[in-house]
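Take a look at the letters that make up each chain.
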Amino acid sequence: MTQIVDLPDPEQLALRILRRERAAVASGLNLLDNKLAEARNRSARLLAALAGEHWLKDGHLIGITGPPGAGKSSLVAAMIREWRLSGRSVGVLAVDPSSRPELGGGALLGDRIRIKHASYDEGLFIRSLANRNQLGGVANEVWPMSWLMLACFDIVVIETVGVGQTEIDIAEIGDTVCYVAQPASGDTIQYLKSGIIEIPDIFAVNKADLGAAAHKTASEIGRSAPRQDRREDWDYPVCLVSATTHTGITAMLEHCDRHRSFLANAGWLDKLRLRHQRAWVVRLLKEEFGTFGLELLGGRHLIGQRLSENPSHQFAEYERMRKHIFSRFISINQPGSPTT
Ligand SMILES: Nc1nc2c(ncn2[C@@H]2O[C@H](COP(=O)(O)OP(=O)(O)O)[C@@H](O)[C@H]2O)c(=O)[nH]1
Ligand SMILES: [Mg+2]
């Protein structure tokens, strides 16, 4: 059981995270994952201390999703190799229930990387969050964790298992969403045609080493995505890759970079991040205080307005809102209070 004395000082921790100290990153992630009331207070302070302009402009949040077994973890390992070769630091959150050893699932991403990159790498940080892919969505703590990582790594990757609706959640975190399919992915194509899968920014058909089937799937996917859902100025590339033979990885990363530049040049990157932050702050408040808590703050609309007033410090506002709710709770519970 964590004692309050064991919890880190959030402002000190933020400074160390911004200096990219690994131990601080690990301890920050633990704090965000801790459900104790005092840990929640300090988490809010940590996010507020990390926030700033850099969060709206820097780094790249990339969501990698797709069905189990498509080769997401293998592909992420191959991407990491390229990014590290080009000197970019990478943080990974692997939200993958199939990686749980007790289920006999695929190897943990960390294990794969360790096999391939035997030596210790200062510019790579991986946190595996088995079992956080709640049915119908990504667990709430994954989101602040990805922002913490964005404060100190050039690239932040979130790997989630996507089956139908869950892609929508990852689209609410990532700047760029990549969907990984494998050859003969009939389901994926059906989901796409029926609109169950939102069109990802980048499609990757993995296991291209298996030959013609992969090419066929790639061209079917290209044809199946409903055209009316597409933004005219982005080309929604479909890449053929093989994590095993390391084919097509550079091209896929170029598409990732191109998508980021596309968002930044159009002035959408900061708007997208602000919108995501706003939606998740409301989600976190709702998780912690329920609909009643949101009402105490004047309802979703007003909360959204307050957050918009100070765009690069939405988390400071989040912290203020939490304090406000607590003080209201206390005053409501006072004997003789008019609101009881
Ligand atoms: N032939 C082939 N197999 C692959 C490739 N990438 C991954 N795999 C295999 O597919 C299986 C699932 O891979 P994994 O990365 O765990 O998939 P995930 O569940 O989507 O993360 C493993 O047995 C991998 O070795 C590839 O490019 N080609
Ligand atoms: Mg995996």
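Given the structure is predicted, the values throughout are model-derived calculations rather than measurements.

So, about the overall build of the protein. Scanning the protein from N- to C-terminus turns up 14 helices and seven strands. In the form shown here, the protein has an accessible surface area of approximately 15200 Å², with 53% of it arising from carbon and sulfur atoms.

Per the stated rule, a full pass over the model turns up 19 salt bridges. Between R258 and D235 there is a salt bridge; the shortest N-O distance is 3.0 Å. Placement of R258 in helix α11 (residues 249-265) and of D235 in the loop between α10 (212-224) and β7 (238-240) is noted, with a sequence separation of 23 residues between them. On the accessibility criterion, D235 (44% relative accessible area) is partly exposed. Each of D9, E11 and R45 takes part in salt bridges that share partners, so that together they form one network.

Take the sheet that holds strand β4 (residues 155-160) next. Ordered in space as β3-β2-β4-β1-β5-β6-β7, the seven strands form an open sheet in which the pairing is parallel. Because the sheet does not close on itself, it has two edges, and the strands there are β3 (124-128) and β7. Going from strand to strand, the sheet's axes swing by 20 degrees on average, the running direction of each strand aside. Looking at chain direction, strand β5 (residues 176-181) and strand β6 (residues 202-205) are connected through four bridges and run parallel.

What follows concerns the pairing of strand β2 (residues 90-95). By the criterion of burial, β2 is predominantly enclosed, with six of the six residues buried. Burial along β2 is two-sided: V90, V92 and A94 facing one way and G91, L93 and V95 facing the other are all buried. Taken together, the five bridges between β2 and β3 define a ladder with parallel strand orientation. Paired with A94 across the bridge in β3 is S128. Bridge analysis of β2 against β4 gives six bridges, and the strand direction is parallel. Within β4, the position partnered with G91 by the bridge is V156.

The rules behind these values
- Residues numbered from 1 in each chain as written.
- Chains lettered and ligands numbered in written order.
- Predicted model: local features only at pLDDT ≥ 70, side-chain atom pairs only at ≥ 80, totals over all residues.
- Heavy atoms only, no water.
- Helix = DSSP H or I, 4+ residues; strand = E, 2+ residues; numbered from the N terminus.
- Areas by Shrake-Rupley, 256 points an atom, 1.4 Å probe, with all protein chains shown as cover.
- Salt bridge = Lys/Arg side-chain N within 4 Å of Asp/Glu carboxyl O.
- Buried < 20%, exposed > 50% of the residue type's maximum accessible area, 1.4 Å probe, protein only.
- Pairing = 2+ DSSP bridges.
- Axes fitted to C-alpha atoms, helices over the stretch in contact; angles between N-to-C directions.

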